[in-house]
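Below, each chain spelled out in residue letters.
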Amino acid sequence: DMIAKLEKEAEEDAAEKAYCDEEMAKTEAKKSELDDEIEKLTTKIEQDASKSTALKDDVKELQEELAALSKEQAEMDELRREQNADYKKAKDDLELGLGGVQKALEKLRAYYGGAAFVQSSDMAFMQQPAMPEKHTKSTGAGQSIIGILEVCESDFSKNLAKEEQSESDAQSEYDTNTQENKITKTTKEQDVKYKTQEFKSLDKEITELTGDKETASTELAAVEEYYAKVKDRCVAKPESYEEKKKRREAEIAGLKDALEIMENEAALIQKGSKHRVLRGQVSRISLA
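**Student:** Just give me the short version of the overall build of the protein, but keep the residues and values in it.
**Tutor:** From N to C terminus, the protein includes 3 helices and 2 strands. The N-to-C order of helical and strand elements in the protein reads α-β-β-α-α. For the protein, restricting intrachain contacts to residue pairs at least 6 apart in sequence, the fraction spanning at least 24 positions comes to 89%. Counting every atom, the protein has about 20700 Å² of accessible surface; 54% of that belongs to carbon and sulfur.

If you want it as structure tokens, here you go:
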């Protein structure tokens, strides 16, 4: 019975050893797999978070640039309105002055006989044929006044042309800058749009990856808990399987030897008993 019991225990230990080897290998492989997965997820989350932060910084900078651009355009609009208002006022004043001078010249020339005087390139005046003597006019004074008015007319015309040219140049510059600002604004707004979409997509992916990481971490915790139990069952023992097997085999061998000895002794005892019985029978026959 003891031999059978020890042999059964040996079989159970062998089955336990096979179970432990299999479970330890499977658990360690699963643990390694989960460790790798968590490491990859962590790396990916960090990379996405870094990209998302950089994109958010870019969007913030672009929005600041757009705000500055809008302020600049508003200042340009205000300056253009002021310039245009000044131009219109100056134009009205110059046109009014020019109209007055032209009317005065028209009347003076009519009074002194139409185009009586023509201004030459050297500012000299050439008198037209004299009026009839019966209607004598002060041609010298008229010539001076008309000359002065013609100079005024020229100055008004030049100033008006200068104002119109300045207005045209200012409007052209304003239109060019405004168009450039529109293009820049559109480009930056598109950048804001796409980068915002990109960092939102990354943030969503980070959320999903974080969920996956938490799931993997929960699974890893369960595996580690199970692994600790397997180790406690299979490893944390005062005697290894090999040592225990060797000891048990020695015990079995010893018991077999003892059993053999006991069987031999029993045979001798039985033989001795038969011999004594025979001698007793012979003695009784002799006495008889």
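**Student:** Which residues make up the state of the cysteines, and what are the values?
**Tutor:** All told, the structure shown has 1 disulfide when counted by the stated rule. There is a disulfide in this structure between cysteine 20 and cysteine 234, and the S-S distance comes to 1.9 Å. Between cysteine 20 and cysteine 234, the disulfide has an S-S torsion of -75° and is therefore left-handed. Of the two residues, cysteine 20 sits in helix H1 (residues 2-111) while cysteine 234 sits in helix H2 (residues 139-234), which places them 214 residues apart along the sequence. Among the residues examined, cysteine 20 registers a relative accessible area of 7% and is labelled buried.

**Student:** Please provide a residue-by-residue account of the pattern of salt bridges, values included.
**Tutor:** Counted under the stated rule, the structure contains 15 salt bridges. For arginine 233, the salt bridge goes to glutamate 16, with nearest N and O atoms at 2.5 Å. Linking arginine 233 in helix H2 with glutamate 16 in helix H1, this pair joins segments that are 217 residues apart in sequence. For arginine 233, a relative accessible area of 39% gives the class partly exposed. A salt bridge links lysine 56 to aspartate 203; its shortest N-O distance comes to 3.2 Å.

**Student:** With reference to specific residues and values, describe the confidence of the model for the protein.
**Tutor:** For the protein, per-residue confidence averages 83 on the pLDDT scale, and 82% of positions sit at 70 or higher. Within the protein, the element-level pLDDT minimum falls on strand E2 (residues 125-127), averaging 41, and the maximum on H2, averaging 92.

**Student:** An account of the environment of phenylalanine 199 is requested, with residue identities and associated values reported.
**Tutor:** One can find phenylalanine 199 in helix H2. Take phenylalanine 199: its relative accessible area is 14%, and that puts it in the buried class. Separated by 151 residues in sequence, phenylalanine 199 and aspartate 48 place their C-alpha atoms 8.7 Å apart. With residues up to four places along the chain from it excluded, the contact list for phenylalanine 199 reads Ser52, Leu55, Lys56 and Val59.

**Student:** Can you tell me about the nonpolar core, naming the residues and giving the values?
**Tutor:** Residues Leu55, Val59, Leu62, Leu66, Val192, Phe199 and Leu202 constitute the largest nonpolar core, which totals 7 residues. Listed by contribution, the elements that provide at least two residues to this core are H1 and H2. At 4 residues, H1 tops the list of elements feeding residues into this core. When residues no more than four places from it in sequence are discounted, the contact partners of leucine 55 are Lys195, Glu198, Phe199 and Leu202. Counting 6 residues, the second-largest nonpolar core is a separate cluster that includes Val101, Leu105, Leu108 and Ile146.

**Student:** Break down the environment of glutamate 173 for me, with residues and values.
**Tutor:** Locating glutamate 173 in the fold gives a position in helix H2. Overall, the relative accessible area of 52% leaves glutamate 173 in the exposed class.

**Student:** Talk me through the side chain of serine 52; I want residue IDs and the actual numbers.
**Tutor:** Residue placement: serine 52 occurs in helix H1. Serine 52 gets classed as buried once you look at its relative accessible area, which sits at 1%. If we skip the residues at most four places from it in the chain, serine 52 touches Phe199, Leu202 and Asp203.

**Student:** Lay out the side chain of glutamate 23 in plain terms, naming residues and giving numbers.
**Tutor:** Within the secondary structure, glutamate 23 is located in helix H1. By relative accessible area, which is 12% here, glutamate 23 ends up buried. Beyond its immediate sequence surroundings of up to four residues, glutamate 23 is in contact with Tyr226 and Val230.

Calculation rules
- Residue positions are given per chain, counted from 1 along the sequence in the order it is written.
- Local features in a predicted model are, by the rule used here, given only for residues with pLDDT of at least 70; side-chain atom pairs are given and counted only at 80 or more, and totals for whole chains, interfaces and linings are based on all residues.
- Side-chain measures here rest on the full set of heavy atoms in the structure, leaving out hydrogens and waters.
- The numbering of helices and of strands both runs from the N terminus, where a helix is a DSSP run of H or I of at least 4 residues and a strand a run of E of at least 2.
- By definition in these notes, contact holds between two residues if any of their heavy atoms fall within 4.5 Å.
- Calculation of accessible area relied on Shrake-Rupley with a 1.4 Å probe; when residues are assessed, cover is drawn exclusively from the protein chains displayed.
- Disulfide assignment relies on a single distance test, namely cysteine sulfur atoms paired within 2.5 Å.
- Think of it in three bands: with a 1.4 Å probe and only protein chains considered, a residue is buried below 20% of the maximum accessible area for its type, exposed above 50%, and partly exposed in between.
- Each reported salt bridge corresponds to a side-chain nitrogen of Lys or Arg within 4 Å of a carboxyl oxygen of Asp or Glu.
- pLDDT runs from 0 to 100 and stands for how confident the predictor is about each residue.
- Nonpolar cores are built from buried Ala, Val, Leu, Ile, Met, Phe, Trp, Tyr and Cys residues. Side-chain atoms within 4.5 Å join them into one set.

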